[in-house]
Amino acid sequence: MMNYDLGKGKYANWVVSDVSFSADTLGKTESIMYLGNGYMGLRSVAEEPYLEETRNLFVAGTFNKFDRNEVTELPNIADITRVNITIDGERFSLEFGSVKNYVKQLNLKTAELIRSFEWKSPKGKELRFNFRRFVSLDNLHLIGMKMEVESLTHPVSIGFDSGIDSQMTNSGVQHFHEGDKRIFDKKFIQLVQTTTESKVDVVLNTAHELSVNGIKVDVEPIMGMDRRKVWLQYSLDLQPGDTLAMEKLTTIHTSRDKEYAAQEYQLELLREKSMENLRTASLKGYENVYKEHVAAWDAKVWNKYNFTVNSEDPFDALALRFAIYHLTVMTPAHDERMGIGAKALSGEGYKGHSFWDTEVFIIPFFIYSNPEVAKSLLKYRYHGLVGARKKAAENGYEGTMYPWEAAWPTDGEVTPIWGAVDIVTGKQTKIWSGFIEQHITADIAFAVWQYYKITNDQEFMNLYGYEIIFDTASFWASRLEWNEQKQEYQINNVVGPDEYKEHVDNNAFTNHMAHFNISLAMKYYEELKGKNPEILEGLESKLKLTDSYKSWEEKLEKIYLPQPRKEDMVIPQDDTYLNKRVIDLEKYKNQSKVGTLFNDYNLEQVNEIQVSKQADIMILFLILENRFSPEVKQANFDYYEPKTLHDSSLSLSTHAILANDLGREELAYSLFRRATEIDLGPAMNSSDHGVHAASLGGIWQSVVLGFGGVRMVDGKLRINPRLPKHWKDLSFTINWQGSKLQLHMDHSTLTITTEKEVSLIIEVFGQKYEVTGETKINYKKQNVEV
Ligand code: IFM
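Residues numbered from 1 in each chain as written. Predicted model: local features only at pLDDT ≥ 70, side-chain atom pairs only at ≥ 80, totals over all residues. Heavy atoms only, no water.

## Section: unusual backbone geometry
The test is simple: Labels follow the DSSP assignment, with helices taken as runs of H or I lasting at least four residues and strands as runs of E lasting at least two, numbered in each case from the N terminus. Think of it in three bands: residues with accessible area under 20% of the maximum for their type are buried, residues over 50% are exposed, and the middle band is partly exposed, with areas taken using a 1.4 Å probe on protein chains only.
Even without glycine at this site, K199 takes up a positive phi of about 60°. With respect to the secondary-structure elements, K199 resides in the loop between β14 (188–195) and β15 (201–212). We classify K199 as partly exposed; its relative accessible area is 47%. At K544, a position not held by glycine, the phi torsion is positive, near 45°. Position of K544 among the secondary structure elements: in the loop between α13 (533–543) and α14 (545–556). Judged by relative accessible area, which is 55%, K544 ranks as exposed.

## With respect to the side chain of D242
Selection rule: His residues and chain termini do not enter the charge count, which takes Lys and Arg as positive and Asp and Glu as negative. For this document, the term salt bridge refers to a Lys or Arg side-chain nitrogen within 4 Å of an Asp or Glu carboxyl oxygen. In protein, a polar contact means a hydrogen-donor-capable atom and an acceptor-capable atom, both N or O and within 3.5 Å, with residues adjacent in sequence counting only if both atoms are side-chain atoms; elsewhere, any N or O pair within 3.5 Å suffices. The criterion used for residue contact is that any of the two residues' heavy atoms lie within 4.5 Å.
Counting through the fold element by element, D242 comes out in the loop between β18 (229–238) and β19 (243–254). Buried charge without a salt bridge: D242, with R128 as the nearest opposite-charge side chain at an N-O distance of 12 Å. A polar side-chain atom of D242 sits 3.0 Å from a polar atom in the side chain of N213. Every residue in contact with D242, bar those within four places of it in the chain, is listed here: V149, E150, S151, V212 and N213.

## As for the site of the ligand
Note the threshold: What makes a residue near a molecule or strand is one non-hydrogen atom of that residue sitting within 4 Å of it. Method for areas: the Shrake-Rupley scheme with a 1.4 Å probe, in which residue coverage is limited to the protein chains shown.
Around the ligand, the surrounding shell consists of A342, Y350, F355, W356, D357, W404, E499, K613, Q614, S648 and L650. Interatomic distance of 3.0 Å between a side-chain N/O atom of W356 and an oxygen atom of the ligand. In the environment of the ligand, an oxygen atom lies 3.0 Å from a nitrogen or oxygen atom belonging to the side chain of Q614. Protein contact buries 93% of the 280 Å² of open area that the ligand shows by itself.

## What about the sheet that holds β18?
The cut-off we apply is this: Pairing between two strands requires that DSSP report at least two bridges joining them.
What the five strands build is an open sheet, ordered β7-β6-β12-β18-β17; its pairing is antiparallel. Strands with a single pairing partner mark the edges of an open sheet, and in this sheet they are β7 (90–91) and β17 (222–226). Across 10 bridges, strand β12 (residues 156–165) lies against β18 in antiparallel orientation. Considered in β18, the bridge of I158 is made with L236.

## Structural notes on a nonpolar patch on the surface
This is how the line gets drawn: Patches here: salt-bridge-free residues with over 30% relative accessible area, like charges joined within 9 Å, nonpolar side chains (Val, Leu, Ile, Met, Phe, Trp, Tyr) joined within 5 Å.
A cluster of nonpolar side chains, contributed by I417, W418 and F435, occupies part of the molecular surface with about 290 Å² of accessible area. As for its position among the elements, I417 is in the loop between α8 (385–394) and β21 (418–421). Classification of I417 as partly exposed rests on a relative accessible area of 39%.

## Digging into the packing of helix α12 (residues 508–531) against α14
Two measures define how a pair of helices packs: the angle their axes make with one another and the distance between the axes. Rule in force here: To obtain an axis, a line is fitted to C-alpha atoms, over the contacting stretch when the element is a helix, and the angle between two such axes runs from 0 to 180 degrees between their N-to-C directions. Throughout this description, any angle smaller than 35 degrees is read as roughly parallel, any larger than 145 degrees as roughly antiparallel, any in the 65 to 115 degree range as roughly perpendicular, and the remainder as oblique. A crossing counts as left-handed when the near helix is turned anticlockwise from the far one by less than a right angle, and as right-handed when that turn is clockwise.
Closest axis-to-axis distance for the α12/α14 pair is 10 Å, and the angle between their directions is 130°. Classed by the angle they form, the pair α12 and α14 counts as oblique. Regarding α12 and α14, the two cross each other, and that crossing is left-handed. In this structure, α12 contributes H515, I518, S519, A521, M522, Y525 and E526 to the contact, and α14 contributes L545, T546, Y549, W552, E553 and L556.

Purely geometric numbers; function is a separate question.
Written out as structure tokens, the structure is:
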């Protein structure tokens, strides 16, 4: 059972806890409490094994394709977390004996996993266990684990074996060749494994330190080796009151590590280097490397972003911290060749692939809070031009057609073709997104534009940004279909953001975004022609820009952009949506688990009903907000919100922001709360395959773009705060065009503090202000965006 208020004193609202052990619902805390640093992600599985556990360790970017019928995925690296413990020769497990005071918790501030309880063995011997674990943010290759066992009532003999186990699979798929295993000096263990197709070498090293009552003990271990496994077995006796402490430090390095992109790689050297890293960490000792990790979290995360949410309900602050924790651990900020997985690095779900989730839901956090990381994520898409151009060519288009799901940048499209069972035919449902969910190409161009406008990073644009925007525009120009009868360009046979509508014509989101993409390319082409023609010359041979421009110019004004209907201002989501059957959705709107519609209908039938899986037009209203009037937003929110089941985790936060913009404060807050509960809520199975990365970005968006009202509109900063009634105030730091702004807002005053000598213009509820130093603005809230 989850609990969110166990953190006390300086850790108040920093601790996520599970206070009762259940061997049947392990997935929840394994996922939401997973540890990571962007280089790797370690699921928070118990040390002792359970049948229903999912023991995962992923290293970003190490993709491997098992065979030609599968798509590439992040392989499950060897496990170092399992410890087989015996007490007087009997296996320790919480499924035997009895347990008291069980608490498993993630401290978000220190990024530490702690599990503690008292256990009475079936023979009546009582022991106290305390496990700690961290994945270092200071040394990206390092994992620390500590186990303390105190004998409470009897003399006991405790035994455990622990090492490196590469018998791991991804749901049965073994991605590795077995490599060398070795134990040095009966202490330092090394195991090498190599992926079967991509040939990535992974080297793991581990070592243990034992102490009793704080005094180091040298216990001679028994060495063990088996197929894909190497370990040390220790045993020792404890008297009542004695505490055994075992500290285990592990390092992981791979041939994918960034330095080997630029320098020669040799496995032997990697083995030495990774072992050296472990020896250095071991010399420092567990507590010291842990302290360095905590200091890194303070410096790189908490003190940098400076968030405070002052709410009558402390959960709100915890939920935002939880989101920021996850946004940090999911992001491979160290390597621009890697993107963010839709399930982060927390589970096998979506195979570690990146979707539009990054550009539309996650990148805004980094653009405003840590632009260097946003740049790295956009460079990942720049490197992905290779795969995206391949996809365009394979489909008969020009330019850059980004894959719906992306893995290694050169891979191109990696969306699997077959998915869940069709409840009518019993066959697998075809996943059309990889073929026809195409809006991602414009979403990426949009993200580049947003990054540029918020950071002013001209160098990025010159080197990468313009090329992405031009070449994506060329894709759209070649993708448009001329309708002779209507004398307009259309985009037919797509899946829009709402994935319950397949093979639709003129999805409003897709058409508007394509139009935006082409008009942006034209604007920059014209701007560069005047100001910086060398950039255009540089791109001319690669992109045939002169011809492209002609085609953009010829087509732009003739693109069909779905418009509000006269009678009720509703914009058709696509050509047929508004003519489909309307059914009573109450039962599905009130569901406690997503996707219950599929208990009654298959996807083909859902396609014929006015029901949406997720926000579609509402995202358009959020990201291209000044294309639509407040009245149109209102009318469409009223029409589509009741038809949107929020069966995708990418939905609630967008509707929360729109509801808040429209002055529906209570609805906005309740949608926000539901968004926070996607991973944090009481449902014990919803995160089994991993956390919902986009939704975590959405939580930040709801707070900063929604309640905080921070938006970039046409390159200008607008701040229209609308805090929930029970929030006293909100503060955080953002970056705006190269300088840091500290924002503090309550229900009537917005305080902006700029860096020294910085002066800028911002708009607050329709009024322009020049701000410099500390500026207080008393504002009067308006309900609908002006
Ligand atoms: O990108 C999303 C999509 O919008 C809905 N299905 C899940 C994908 C990955 O999160």
